[in-house]
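The primary structure of each chain is shown beneath.
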Amino acid sequence: MEIDYQPEDSPVSLFDEDCIDHVKDMRLEAEAVVNDVLFAVAEMYVSSNLDSALAVAYINVETREGNRYCLELNEAGLRVVGYVFDQVDESLSTQYFETIYSLLDTLSPGYREAFGNALLQRLERLQQNGQ
């Protein structure tokens, strides 16, 4: 028995337009990452020289120790892709980190110190406001 089937006859759409709202724009995520930890590094900004898209963005960061990194941000997390600003080394196979905090914690003792000091200052302010 043959059935004459046309895709447009299907009551179920194969493409859910609502799912577009759930796709993260990695450029916006990258800006948020930078704003979150800029106080604890020497320099950090979203790369304008490397192509960013909805699925991936690149962040340049210089630690307080003076080490430079190019980071890739995608759905898997963040990872080091180069040791020079705006440069992706395809031969690198580095670990993904779930957060910028964990990545910087492994790369920069100066970051750990700055983050700890900022946390301590906030706690002291909260304690003073509570008294």
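You'll find the protein entered in an unreviewed UniProt entry as GSK3-beta interaction protein, with Salvelinus namaycush given as the organism. UniProt, in the comment section headed Sequence similarities (unreviewed entry), describes the protein in these words: "Belongs to the GSKIP family."

S.K.: Let's hear about the overall build of the protein: which residues, and what values?
M.R.: A count of helical and extended segments in the protein gives 3 helices and 4 strands. Put simply, the protein runs from its N terminus to its C terminus through helices and strands in the order α-β-β-β-β-α-α. In the protein, buried positions account for 32% of the 131 residues. Here the analysis covers contacts within the protein between residues at least 6 apart in sequence; of these, 38% occur between residues at least 24 apart. Surface summary for the protein: the accessible area is close to 9,200 Å², and the carbon and sulfur share equals 50%.

S.K.: A description of the confidence of the model for the protein should follow, citing residues and the corresponding values.
M.R.: Mean pLDDT over the protein works out to 84, with 82% of the residues at or above the 70 mark. Overall, residues 1–22 carries pLDDT values under 50, and its contacts beyond four positions in sequence, including any with other chains, amount to 2 contacts.

S.K.: Give a detailed account of the pairing of strand S1 (residues 43–46), specifying residues and quantitative values.
M.R.: On a regular strand, each side chain points to the face opposite its neighbour's, so the side chains alternate between the two faces of the sheet. Going residue by residue along S1, you find Met44 and Val46 tucked away on one face and Glu43 and Tyr45 left uncovered on the opposite face. Pairing geometry for S1 and strand S2 (residues 57–62), over 4 bridges, is antiparallel. Across the sheet, the residue bridging to Met44 is Val61, located in S2.

S.K.: Lay out the packing of helix H2 (residues 100–107) against helix H3 (residues 109–130) in plain terms, naming residues and giving numbers.
M.R.: Running from N to C, H2 and H3 cross one another at 125°; their axes reach a closest spacing of 5 Å. Judged by the angle between their axes, H2 and H3 are oblique. Residues Tyr101, Leu104, Asp105, Thr106 and Leu107 of H2 pack against Pro109, Tyr111, Arg112 and Phe115 of H3. Of the residues contributing to the contact of H2 with H3, the split by class is 6 nonpolar, 1 polar and 2 charged.

Criteria and thresholds
Residues numbered from 1 in each chain as written. Predicted model: local features only at pLDDT ≥ 70, side-chain atom pairs only at ≥ 80, totals over all residues. Heavy atoms only, no water. UniProt positions renumbered as here; feature names shortened; annotations may be inferred. Helix = DSSP H or I, 4+ residues; strand = E, 2+ residues; numbered from the N terminus. Buried < 20%, exposed > 50% of the residue type's maximum accessible area, 1.4 Å probe, protein only. Contact = heavy atoms within 4.5 Å. Areas by Shrake-Rupley, 256 points an atom, 1.4 Å probe, with all protein chains shown as cover. pLDDT = per-residue confidence, 0-100. Pairing = 2+ DSSP bridges. Axes fitted to C-alpha atoms, helices over the stretch in contact; angles between N-to-C directions. Parallel < 35°, antiparallel > 145°, perpendicular 65-115°, else oblique. Nonpolar A, V, L, I, M, F, W, Y, C, P; charged D, E, K, R; others polar.

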